[in-house]
Amino acid sequence: MGPNYSKKLKMEEYYIKILESIIVLVVFLVSKYIARKLVKKTVNERLLQKSRSHIIRKTIHFISLSICLVIILIIWGVKQSDLAVFIGSVLTVVGVALFAQWSILSNITSYIVIFFNHTVKIGDTVSILEGKDYEIQGEVMDISLFFVTLKTSNKEEEISLPNNVFIQKTIKKRVNNVDEV
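Fair warning: this is a prediction, and the values are worked out from it, not measured in the lab.

> What exactly am I supposed to notice about the overall build of the protein chain here?
Across its full length, the protein chain holds 5 helices and 6 strands. Counting from the amino terminus, helix and strand elements in the protein chain follow one another as α-α-α-α-β-β-β-β-α-β-β. Counting every position in the protein chain, which comprises 181 residues, the buried fraction comes to 24%. The contacts of the protein chain with a sequence gap of at least 6 include a subset with a gap of at least 24, amounting to 51%.

Next up, the structure:
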């Protein structure tokens, strides 16, 4: 057990780390491919604008890339406690920055929910119930990262609702000239 044996063990450790890193990268690329196909399928099935898929793909890509980088850092020996302190510090700074603007984060999350699970799409005529005696009626003109834009039935006004408000309201959607709740 001389210096050559120790050197051989270190080389094997590096090979294992390289192999693990390659596996993580392959899993990342496969998950990116699957996510792209899922978003494309959702856009095609729900007849959504193609431009909306770009935003959701970028969000999913950012999250999966972050996870991939954290795993690779762990593989290459960054201590989990050091990594936790770094991530905690970054999240604290981001949290403080977003504290006054929590609705921004809420709107982005709501956009993801609207994209994948909501039945309303651009071009639909909807009524948003604001209570027993008041409702907002219009055609959905745009669903962006932060707002849903409606054009009123008389085509004179545009109404923008934050996404987080939009998903909390009861919405009647016109389907073949019949209201659907």
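> Just to check I follow, could you spell out a positive patch on the surface for this structure?
Taken together, Arg36, Lys37, Lys40 and Arg57 make up a surface patch of like positive charges. Among the elements that make up the positive patch, the one with the highest residue count is helix α1 (residues 3-45) (3 residues). By the element assignment, Lys40 lies in helix α1.

> Any chance you could explain the pattern of salt bridges here in plain terms?
If charged atoms from side chains of opposite charge come close, those side chains can pair. For the structure on display, the rule yields 3 salt bridges. The closest approach of N and O atoms between Lys121 and Asp124, which form a salt bridge, is 4.0 Å. Overall, the relative accessible area of 23% leaves Lys121 in the partly exposed class. Between Asp124 and Lys173 there is a salt bridge, and its shortest N-O distance comes to 3.6 Å. Taken together, the residues Asp124 in the loop between α4 (102-117) and β1 (125-129) and Lys173 in strand β5 (residues 170-175) connect sequence positions 49 residues apart. Judged by its relative accessible area of 10%, Asp124 is buried. It is possible to trace a salt-bridge network through shared partners that takes in Lys121, Asp124 and Lys173.

> It is not clear to me how the environment of Ile171 should be interpreted in this structure. Could you clarify?
Summarising the element assignment, Ile171 is placed in strand β5. When its relative accessible area of 10% is taken as the criterion, Ile171 is described as buried. Expressed as a C-alpha distance, the spacing of Ile171 and Glu130, which sit 41 residues apart in the sequence, is 9.4 Å.

> What should I look at first to understand the nonpolar core in this one?
Considering soluble globular proteins, one finds that nonpolar side chains tend to be buried as a cluster. Ile128, Val140, Val148, Leu150 and Phe166 are the most contacted members of the largest nonpolar core, which totals 17 residues. Secondary-structure elements contributing two or more residues to this core are α1, α4, β1, β2 (135-143) and β3 (147-152). Here Phe166 is in contact with Ile114, His118, Val120, Ile128, Val148, Leu161 and Ile171, once residues within four sequence places are set aside. Core analysis: the next-biggest nonpolar cluster, separate from the first, contains 5 residues, Val24, Phe28, Cys68 and Ile75 among them.

> Would you mind showing me how to read the packing of aromatic side chains here?
Aromatic ring pairs: the centre-centre distance and the angle between the two ring planes describe each pair. Inspection of every chain in the model, using the stated rule, returns 3 aromatic pairs. Both rings, one in Phe115 and one in Phe116, keep their centres 4.9 Å apart while their planes meet at 85°; by these two values the pair is edge-to-face. Take Phe115: its relative accessible area is 0%, and that puts it in the buried class. Aromatic ring contacts, followed pair by pair, group Tyr111, Phe115 and Phe116 into a single cluster.

> What is the right way to read the pairing of β1 from this model?
The side chains of a regular strand alternate, residue by residue, between the two faces of the sheet. Relative to β2, β1 runs antiparallel, the two being bridged by 5 bridges. Looking at β2, one finds that Val126 is bridged to Gly138. The turn linking β1 back onto β2 is made up of 5 residues, and Gly131 within it adopts a positive phi angle of 140°. Across 4 bridges, β1 lies against β5 in antiparallel orientation. Residue Val126 lies in a different strand from β5, and its bridge partner there is Lys173.

> Explain a nonpolar patch on the surface to me, please; I cannot follow it from the model alone.
Taken together, Met11, Tyr14, Tyr15, Ile18, Ile22, Val26, Val30, Tyr33, Ile34 and Trp76 make up a surface patch of nonpolar side chains, about 1,000 Å² in accessible area. On the secondary structure map, Ile22 appears in helix α1.

Here is what the cut-offs are and how they apply
- Residues numbered from 1 in each chain as written.
- Predicted model: local features only at pLDDT ≥ 70, side-chain atom pairs only at ≥ 80, totals over all residues.
- Heavy atoms only, no water.
- Helix = DSSP H or I, 4+ residues; strand = E, 2+ residues; numbered from the N terminus.
- Buried < 20%, exposed > 50% of the residue type's maximum accessible area, 1.4 Å probe, protein only.
- Contact = heavy atoms within 4.5 Å.
- Patch = residues over 30% accessible without salt bridge, like charges linked within 9 Å, V, L, I, M, F, W, Y side chains within 5 Å.
- Areas by Shrake-Rupley, 256 points an atom, 1.4 Å probe, with all protein chains shown as cover.
- Salt bridge = Lys/Arg side-chain N within 4 Å of Asp/Glu carboxyl O.
- Lys, Arg positive; Asp, Glu negative; His and termini not counted.
- Charge placed at Lys NZ, Arg CZ, Asp CG, Glu CD.
- Core = buried A, V, L, I, M, F, W, Y, C linked by side-chain atoms within 4.5 Å.
- Phe/Tyr/Trp six-rings, centres within 6.5 Å; stacked < 30°, edge-to-face > 60°.
- Pairing = 2+ DSSP bridges.

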